[in-house]
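Each chain is listed here by its residues.
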Amino acid sequence: MTRHSLEDWCRKMSARMWGRQRFITQGCTDRQRLSASAVPGAKVVLYRAPPGYGKSVQVALAANIRDPEHESAVYINRRSYPDARDVTDSLFAALVLYQLEGPESRGTLKSDTDTIEALRDALSNAKKTIRICLDGPGEGADNGDLIEDLICETPGNVKFFIAPGSAGALPRLSLMTGVVTYGADELAFTEGDLKEPEKLGEVTGIDGLEAGNMIQATGGWPALVRLMCQTPNPDLPPASWPETRSYFRDNLLSVLPRHARRFVCNAAMLEEISAECYDYVYKTQQADQEISFLNEKFALLAPTAASGKHLTMHPVLREYLRSVFSATQRERRSYVLKRVAFWHWRRGEYLHSINVALEASDHRWARVVSDSIILDVALRQGEIEVLRTWFEKVPARTIKKIASLSIGYAWTLYFSQQARQAEEMLASSRHPISRGLGSLDEEGWRELVKAIGKATHDELPESQALCEKWIDAFGDRNLVGKGAALTCQAFIASSDRRFEELEELLHKAAVANQSSNQFYAFIWLKAAEIQTELFKGDIVRAMHLLRQADKTAEKIGVPKSFLSKMLGVLEVQILLEQDHHLVSPESAQASFDFALNYGVTDILWGCTQTCSRLLYHQGFRDRAMALLEQARLAASERELPRLNILTKVQLAEFTLLNNEELEPPILPDESELIFTPNQNRAIQAHIALVRSMYRLRLGKQFGVAGNYAREALQAASAISDARTRVAAQYCQALAAFALGSSKSAKRMILDANLLSEHLNCHFTRLWIKEALLSLSPLAQDLFNDLPDDSEAKATKDPDVRIEDSSVPPVPGNAHSTITIKQISLLKCVSNGMTNREIAERLLVTEDTVKWHMKKIFSELKVTNRVQAVTEARLRGLL
């Protein structure tokens, strides 16, 4: 090739490549976490991921420079070559030189090694930052060796952005220092990416609230995210979209060799992908080689976090490949699934085995499964959703013939809120033809299911008595069951607000559960603990316990499915109070749906009240009322009178707020409260609150309104219900204000605000404030006359202000005698406020402030304000 023809070739190739670069980046903006500026110290940024993860986009974006005086970029895309195999190292070097120097490179463009040396010299002497962006380079013979030499020999201002031609190409780069590798996990879109459509150009254009659903459906695979935006059927499974099927067929299967195509379709049928399992199921000996080939070329399989031997495939791709297998090898499908099931059965992996057997419509597992297996899966592992699916596919006559299946199914039905069917199934386990009843009765399994089943149906006193009786009879010989029974007692104590007794039960149950690896009881025990703090209104403590439970579950290997959903139900309630903007309608609805199917009365009611109030606050009043009616219908169908009454009271409150007529709210009669004393008090407090709100709306009978508010406050205080106390104090304050006691009203509001601020129950305060504003015009006058509700921002004493991060907080401090008002005073001190400013904020005298400061100094054993703030933070009081 002559010098002129070489220059002409470089010009044509450069024009093609930069044209491709502009097309690829059209409508796409850098995601900051993947941009060139995110890794300023890196010599090489390497992109390795399966097709469709946007590797080419990232390389093309890296070629965009913002400061031409100090930066230059080279962009080479292997697909632009007429024939990449003809591009020697010297041609590659000439192309790089041409893009760096333009026509001025004419004197150095040659077809021999001189060109390579000229490139080395140019890069070594460069004053600018140079980005060499390479899309599709291959192994050594395809310029790979030269690229590696340039990386090693050039100074730090020459940076490389590379998407190799295959997932395993340029392997030595991964061993070098200064190389940052982005894989599929990093290149996948996150929910945060999708909530910022302006950063993704044409990729999304979605509302931020849809981001979670999109990530859940696609796993963040960029190609699938784009397809989801384009398909007219986004609510269908992604593997069924015509766009997805065409994409996988044309961009994946078509480029795989025949042997690899067959392998991935076969592997998709496995419950867990491993070479050993594949070779057994398909009677081969080449699985290791196929896995190595696929990962080296396409990175389609990734090791699981739990085991390096097991591999995962993207769930959408797996579902698509399974459909291809079923279409092309329909006659072999059942046979293959049965071999997969038998593989897992031999290894004791019964969950996998039964799942696959059911998919193959093979119910023989039900006749050969041992008592210990089914009871372990049901009562210890607590795979309730899986079990429910299993049992619904097995003929009832088969279940009733085997006692362990009857007992396991009854347990599943109880925790699926189908108590009547559970009792019938449990009764069938006594049938004379039922196999294995004797050995099960020796360990008390049937009695245990009945005892705990009563609690799931909100028959708490009966359940308490049966659990005590069961522990006395069987606790020493059945440790798994003992953990479940103690956990049930702990949950009952939580529901009945017997908090002192609960502490001891939590400890006993935790010991039993830990010693027997009782995963399911662990979940419910943590739920009882977190629910207790929600009952108290201590949102700070509830969130701390929730995070702690999640970490502990991860550490001991608790199955994720049920755990994450149960904790999700509780987290929605916590987040609503902390910052209701963090709760999306989708997450609230998902939590409600789960609680409706699997939550006992307290869990379901907590979620129902949270979701309905959120919807009402957002202006979706009809949806809020409909959700309550849905819960009330469930209460009626399941014969749950307490849930029925709880929904009635909340409906009465919504009707009062929503109704322009001055009709009295329809509330339950006192004779209907037939529950435990503290459960009755919780309901009585809410009823009294609604009656107080009704009198406030009438614009008269303010004394009666104050009495009802006081009644609600007393009932709430008796069961340590801080959130209802806050609402009752607000109602009591408005009644006092209407009767002319302005100063007293302000103090009541201030006390309520201090309490809600200390416990982080912000939504309760927002809710009752908005409710009173809608009920009475006097509320606006009261709230307008209050001092600023926020903490002081400025400080006049810089020595007192200490940043929150200076001392790590310690959650909880049960032994402190410092009051909530004194903690609020300490917060004012930490903001540098003077005694006079604190007195004005807290509506007290300066002498009162000084008295409280002496008490604080004495309790904290300090001598000045700076020490007091520091010590308070050390104790977790601030």
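Preceding block: the structure.
Residues numbered from 1 in each chain as written. Predicted model: local features only at pLDDT ≥ 70, side-chain atom pairs only at ≥ 80, totals over all residues. Heavy atoms only, no water.

Trainee: Please explain the environment of Gly102 as it appears in this structure.
Mentor: Along the chain, the position of Gly102 falls in the loop between α3 (89-101) and α4 (113-124). On the basis of relative accessibility, which here comes to 14%, the residue Gly102 falls in the buried class. For the pair formed by Gly102 and Ser14, sequence separation is 88 residues and the distance between their alpha carbons is 10.0 Å. (Helix = DSSP H or I, 4+ residues; strand = E, 2+ residues; numbered from the N terminus. Buried < 20%, exposed > 50% of the residue type's maximum accessible area, 1.4 Å probe, protein only.)

Trainee: How should the sheet that holds strand β2 (residues 71-77) be read in this particular structure?
Mentor: Where strands meet in a sheet, backbone hydrogen bonds hold them as pairs that are either parallel or antiparallel. Reading across the sheet, the five strands line up as β2-β3-β4-β1-β5 and stay open at both edges, with parallel pairing between neighbours. Each end of this open sheet is capped by a strand with a single partner; those strands are β2 and β5 (179-182). Neighbour-to-neighbour, the strand axes of the sheet open up by a mean angle of 15 degrees, direction not taken into account. Here strand β3 (residues 129-135) pairs with strand β4 (residues 158-163) via six bridges, running parallel. For Ile130, the partnering residue across the bridge sits in β4 and is Val158. With respect to the sheet, helix α2 (residues 55-62) is in contact with β1 (44-47), β2, β3 and β4, its orientation differing from that of β3 by roughly 155 degrees. Its contacts with the sheet place α3 against β2 and β3, and it is angled at close to 140 degrees to β2. (Pairing = 2+ DSSP bridges. Axes fitted to C-alpha atoms, helices over the stretch in contact; angles between N-to-C directions. Contact = heavy atoms within 4.5 Å.)

Trainee: Honestly, the packing of helix α32 (residues 601-617) against helix α39 (residues 762-775) in this entry has me stumped. Any pointers?
Mentor: Two numbers describe a pair of packed helices, the interaxial angle and the distance between the axes. Interaxial distance between α32 and α39 falls to 12 Å at its minimum, and their mutual angle equals 50 degrees. Classified by the interaxial angle, the pair formed by α32 and α39 is oblique. Remark: the crossing between α32 and α39 carries left-handed chirality. Each of Arg613, Tyr616 and His617 in α32 lies in contact with α39, whose residues at this interface are Phe763, Leu766, Trp767 and Glu770. (Parallel < 35°, antiparallel > 145°, perpendicular 65-115°, else oblique. Left-handed = near helix turned anticlockwise from the far one by under 90°.)

Trainee: Help me out: how do you make sense of the nonpolar core in this one?
Mentor: One broad rule of soluble globular proteins: the nonpolar side chains tend to lie buried together. If you look at the biggest cluster of nonpolar residues, it comprises 150 residues, and the most contacted ones within it are Trp524, Ile530, Phe562, Met693 and Leu772. Per-element accounting of this core gives the leading share, eleven residues, to helix α37 (residues 722-738). Ranked by size, the runner-up nonpolar core spans 113 residues in total, among them Val39, Val44, Val340 and Ala341. (Core = buried A, V, L, I, M, F, W, Y, C linked by side-chain atoms within 4.5 Å.)

Worth remembering: the numbers are spatial, not functional.
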